[in-house]
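The residues making up each chain are set out below.
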Amino acid sequence: QVQLVESGGGLVQAGGSLRLSCAASGTIFRINDMAWYRQAPGKQRELVAAITSGGRTNYADSVKGRFTISRDNAKNTVYLQMNSLKPEDTAVYYCYYKAPSRYPYWGEGTQVTVSS
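Remember, it's a predicted structure, so these values are computed and weren't measured experimentally.

Calculation criteria
Numbering of residues starts from 1 in every chain and runs along the sequence as written. Owing to the predicted nature of the model, reporting of local features is limited to residues with pLDDT of at least 70; listing and counting of side-chain atom pairs is limited to 80 or more, with chain, interface and lining totals taken over all residues. As a rule here, side-chain values come from all non-hydrogen atoms in the structure, and water together with hydrogens is ignored. Buried Ala, Val, Leu, Ile, Met, Phe, Trp, Tyr and Cys residues form a nonpolar core when they are joined through side-chain atoms within 4.5 Å. Buried means the residue's accessible area, taken with a 1.4 Å probe over protein chains only, is under 20% of the maximum for its type, while exposed means over 50%, and partly exposed covers the values in between. For the purposes of this entry, the term helix denotes a DSSP run of H or I that reaches at least four residues, the term strand denotes a run of E that reaches at least two, and both are numbered from the N terminus. When a carboxyl oxygen of Asp or Glu lies within 4 Å of a side-chain nitrogen of Lys or Arg, that pair is called a salt bridge.

Caption draft 1: Fine view of the nonpolar core. Trp 36, Leu 80, Met 82 and Tyr 93 are the most contacted members of the largest nonpolar core, which has 29 residues in total. Every element with two or more residues in this core is listed here: strand S1 (2-7), strand S3 (18-26), strand S4 (33-39), strand S5 (46-52), strand S7 (67-72), strand S8 (77-82), strand S9 (91-98) and strand S11 (110-115).

Caption draft 2: Highlighting the pattern of salt bridges. Across all of its chains, the model carries four salt bridges by this definition. With its nearest N and O atoms 3.0 Å apart, the salt bridge here joins Arg 38 to Asp 89. Remark: Asp 89 occurs in the loop between S8 and S9 and Arg 38 occurs in strand S4; sequence separation between them is 51 residues. Look at Arg 38 and you get buried, because its relative accessible area is 6%. For Asp 89, a relative accessible area of 0% gives the class buried. One salt bridge connects Asp 61 with Lys 64, and the closest N-O pair in it is separated by 3.1 Å. Take Asp 61: its relative accessible area is 64%, and that puts it in the exposed class. By sharing partners, the salt bridges in this structure join Arg 38, Glu 46, Arg 66 and Asp 89 into a single network.

Laid out in structure tokens, this is it:
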């Protein structure tokens, strides 16, 4: 079992910044992928950014150049630094963890609201 606890969401004005954190605990495998997804009202959940345990990253086109994903393997924690936030970034942000040949795990989500 893996537990994911997110923090760092909130309300921010357009152009502002937020940093999300997600701490994983439980049975953590050394090789794993972690990611941030988001879901806005009435829309499907979408990938925002992902990072492998080796540090390889992948971003949605809509956040490239504004968001940065990083991780601290010693702390089993993944971060999402969000800069130049836009109202369309408003969503519930979910942390994701998956190890090879294992089921994926999701956090409960943290609300990010960007006002115009």
